[in-house]
Structure formats: structure tokens, C-alpha cells
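Fold and geometry: a report
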Amino acid sequence: MNIGWNRPAIRRDPGLTMGSDHDHPGDHHHPGTEEDITLSQPARRLLAMEELLVEKGVIGADDVRRVMDVIAARSPVDGARVVARAWMDPAFKLRLLEDPRAALAEVGYPPVSGSKLAVVENTERVHHLVVCSLCSCYPTSLLGPPPDWYKSFAYRSRAVVDPRGVMREFGLEFGEGVEVRVVDSAADLRYMVLPLRPEGTEGMAEEELVALVTRDSLVGVGVPNQPAVNP
Amino acid sequence: MRVLESMVDTHHRTPGYIKGRVGRVEALSGSFYDPEDRAYGGSGLPKRELYLIEFGMLSLWGLRYRGGEEDKLLVDIYEHWLEPAGDPAGPRVDHGF
Amino acid sequence: MNAVHDMGGLPSEQPIDRSEHHLMEWERRTGALVDVLREKRVINTDELRRGIEAIPPDEYRRLGYYERWSTSLEILLVEKGLLTKQEIDGRAATVGARWA
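Residues numbered from 1 in each chain as written. Chains lettered and ligands numbered in written order. Predicted model: local features only at pLDDT ≥ 70, side-chain atom pairs only at ≥ 80, totals over all residues. Heavy atoms only, no water.

**Topic: the overall build of chain C**
- Along its length, chain C carries five helices and zero strands.
- Helices and strands appear in chain C in the N-to-C order α-α-α-α-α.
- Across its three principal directions, the C-alpha atoms of chain C cover 45 × 30 × 25 Å.
- When the 100 residues of chain C are sorted by exposure, 56% land in the buried category.
- Put simply, of all contacts in chain C between residues at least 6 apart along the chain, 60% involve residues at least 24 apart.
- On chain C, the mean spot of the 15 positive side-chain charges and the mean spot of the 18 negative ones are 5 Å from each other. (Helix = DSSP H or I, 4+ residues; strand = E, 2+ residues; numbered from the N terminus. Buried < 20%, exposed > 50% of the residue type's maximum accessible area, 1.4 Å probe, protein only. Contact = heavy atoms within 4.5 Å. Lys, Arg positive; Asp, Glu negative; His and termini not counted. Charge placed at Lys NZ, Arg CZ, Asp CG, Glu CD.)

Here it is in C-alpha cells:
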């Protein structure tokens, strides 16, 4: 499916042509350049709106850049750090499950206004999977923007009715002894999964644990990596 | 609790697939501005209680569901979309509180 | 019949496409602009969602994620009288070159 924007990142060359007459991204090619790009109408209209809002003083000239930097600084590694801390420190884990905002503040993540983070814990008998069937709610304030598949129509429609089939596509399979709990984050809470700590990680340092936690395990379509057997 | 079956076409955050279905309250998620009012420029007040409701997958989907009795679905639902379940519609339906 | 965005449980056997793309500059700008406007209380999340849900079903399915955000944002900014469609038309025709 060509949805028009699945293109390489823009290199902001002065000579780069954008906003040409082509309304259909993909029909405009400069042979030999990867950055060949034609912005879609909604993309151009977005940039137009941004410029106009700055000119009218609705937003400041540097506001968008400033927030882009804030967003760029977030990543699933932040979620991984929180998970590793919870694995190391049972008291912290309890606080994280009870009051994620306060627990995150303890480890240096300032509260973000707006939506509220919630954490659900995976155990040997319970596995959580997070989806947002209505749009694409995701704990962005901690983990950064969601991956493409999380926003896809296939994931949004299938995860609530066939979580085991969806997880199988991600290489994850559970027997009947494990209860699968799908959380459809339809309202104001943004759910992050606290994955089960892998076996064989006893005695590992927190930083080593952080490296085992994958983004997918924070959504529930994956589990953390196993430690290397012979390091 | 039963989720209201209301088929409004204005903005709301209750997924269609749980409308009219019965689940149990798993947790209180807090109180939040009413999205149905805020979406149209309103204040969102009074705030609405949000409940995390748990549904049995098999009771939701029946034979479509490829998994066991133990599997669940959880959704946050605003209080004004919930009513006491009364007489549960069948043996597979989870009990309200 | 559910609205187009209300897709939980729709019959679908479509495999999940796990490929990911690096967000483009304009997509990252969209996310940031929406955050700035929320911060300044110009718009809120519920309005943004309502605007996305107002996109006709065929277009909703055709547009990319941030394209839907852009479309919704335009609905809201015009509705609030901050921008006019004509202004956006005019600027969109030339914005690419300037932005590059």
C-alpha cells in the first residue's frame, strides 16, 4: 500500500525540490537521488499552517523546533530504564504500578501534563498486550512516538479479537496456561507493559538489564531478550 | 456493568465492539474531563469517572475467539457509558459488581 | 455501522506489516506543532480526535497517520477562526520551496 509518505528522511539540501505540482507522491523521481521527495497535500498544508501561525503570533518562531527536540530526546530506552529499576527494586515496582507518575518522578522523569501513564505487569501466568483500536494512543511522553505497525489498521482491528494470532506474527506464543489480557487504551490512560524479567538475569547490573528490554516488550508483542549464555 | 448500546455519531471514546456488552469493574482509573464535551470546545466539566472494565474474550467474541476461557479484554470506559448489568444475559457473561 | 475509526474487531486477516519508516521532517513537525498548540490551549486532544473522525471514510483510509493529523488540524484552526482555507491554499502552493 503506498500511503505516500513512507520515504527516506529528508536531507535538507538547499536544492531539494518540494512542493512541486505533483499531488501524488511517488510519481516524481530524480534518478539517482534517494532524497527525491514530493510532499503530499496534507504535508504541504501542515507546513503552510505552521508558517501562518508563526506570522500571526499564535505560536513563537522557535516553538516547533523546541518541542521537536523534546520529542526526539524520548525513546523506549527510557521505558527500559524504568523496567530495569522495577526488576531490581520490588518497592519501586509496587510504586510504579500504584502511582506511575510519582515513581517516574523519583527516577528523574518529570510529570508530563495531559494523559496519565499506567503500567500493567506481566507474570509467568499473565501476559498483557496494549492496543488503541480507536486511534493510536501510546505512552509517547515516555517512549517516544509509536512504531508504524502500532498505528496500522491491521493491528488496531485485530489485536482486540485475535491477540494470540497477532503475537504469533511477532514470534510470541503462549500456552493455555497463560492468561492473555489485551488493554484497549480508549480513554485518558496510556498503558505500558512491565515485562517479565527473563530467567538467568539474577545478579546482572541495572544497565545490563536495560539492554535486554525491547520496545516491543513494552507494548506486549515481544518479551525481553535473553541474556547471552556465555558472555 | 453493562456498556450502553447508544450509537451516537458524535465524538466518544467507547469502542463499538463492547457496546451493549457486560463486564466487571477491574479498577478505577481516575476522573477526567469529559471528551464528548471537550471535543466541541466545551470545558469538559463535570469530570467523569473512568472505569477499567474487564470482559471475557469468549463472551465478547464467541467462536471467533482463538484462545481460552482465561483471556480477557480491558477497556477504560467513562461512567456515563455504564449501567448496572442487572440480570446477566447468560452463563458466559462476567458478573457486574 | 461503526464509524471508520472504530475498527476494533473488524474482520481482518491482514498480516501486521512490521516494517517501520524513519519519520520525515514534516511528520515530526506535525507532532511538535500539535503539542505546541495543546500546550498553548489552542486545541486539545479531544478536538484533534474529533477532527480526525470527521474525515470521510475513504480519505481516512487513504491518508497516512500524520496526514490525518494535518487534516484535522486544518479543520480546527479554520473553525476557530485562526486561519482561513484561502490562506492555507495560498501558502501551501509555495511552502515547499521556502521550507527547503
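**Examining the interface of chain C and chain A**
- Counting residues at the interface gives 64 residues for chain C and 66 residues for chain A.
- Where chain C abuts chain A, roughly 5900 Å² becomes buried across the two surfaces, and 62% of that area is made up of carbon and sulfur atoms.
- Put simply, chain C and chain A have 10 salt bridges between them.
- Where R45 of chain A meets D89 of chain C, a salt bridge forms, and the shortest distance between an N and an O atom there is 2.8 Å. (Buried area = accessible area lost by both parts, 1.4 Å probe. Salt bridge = Lys/Arg side-chain N within 4 Å of Asp/Glu carboxyl O.)

**Looking at helix α3 (residues 76-88) of chain A**
Residues and elements named next belong to chain A.
- An ideal rise of 1.5 Å per residue puts 18 Å on 13 residues; α3 measures up with 18 Å between its terminal C-alpha atoms.
- Every buried residue belonging to α3 is among D78, G79, A80, V82, V83, A84, A86 and W87, and all of these are buried.
- Where α3 is buried, its residues contact α4 (90-98), α5 (100-106), α6 (140-143), β4 (189-194), α10 (206-212) and α11 (215-219). (Expected span 1.5 Å × (residues − 1).)

**Points about the environment of M68 of chain A**
- Locating M68 of chain A in the fold gives a position in helix α2 (residues 63-72).
- The class for M68 of chain A is buried, based on a relative accessible area of 4%.

**Here's the deal with the nonpolar core**
- Counting 77 residues, the largest nonpolar core has Y155 and M192 of chain A together with I18 and L73 of chain B as the members making the most contacts within it.
- At six residues, the largest contribution of residues to this core is made by α3 of chain A.
- Listed in part, the 40 residues of the second largest apolar core include A43, L46 and L47 of chain A together with I88 of chain C. (Core = buried A, V, L, I, M, F, W, Y, C linked by side-chain atoms within 4.5 Å.)

**Concerning the sheet that holds strand β2 (residues 126-131) of chain A**
- The mixed open sheet is built from five strands, whose spatial order is β2(A)-β3(A)-β4(B)-β3(B)-β2(B). Of all strands in the sheet, those with a lone pairing partner are β2 of chain A together with β2 (24-32) of chain B, marking the two edges. For this sheet the average axis-to-axis angle between neighbouring strands, irrespective of direction, equals 25°.
- Here strand β3 (residues 179-184) of chain A pairs with strand β4 (residues 72-78) of chain B via four bridges, running parallel. Residue pairing for β4 of chain B: R181 of chain A is matched across the bridge by K72 of chain B. (Pairing = 2+ DSSP bridges. Axes fitted to C-alpha atoms, helices over the stretch in contact; angles between N-to-C directions.)

**Considerations on α2 of chain A**
- Among the residues making up α2 of chain A, those that are buried are D63, V64, V67, M68 and I71 of chain A. The buried residues of α2 of chain A occupy an angular sector of 130° when the element is viewed end-on, so they sit on one face.
- Buried-residue contacts for α2 of chain A involve α1 (41-55) of chain A together with α1 (25-39) of chain C. (Arc of directions from axis to C-beta.)

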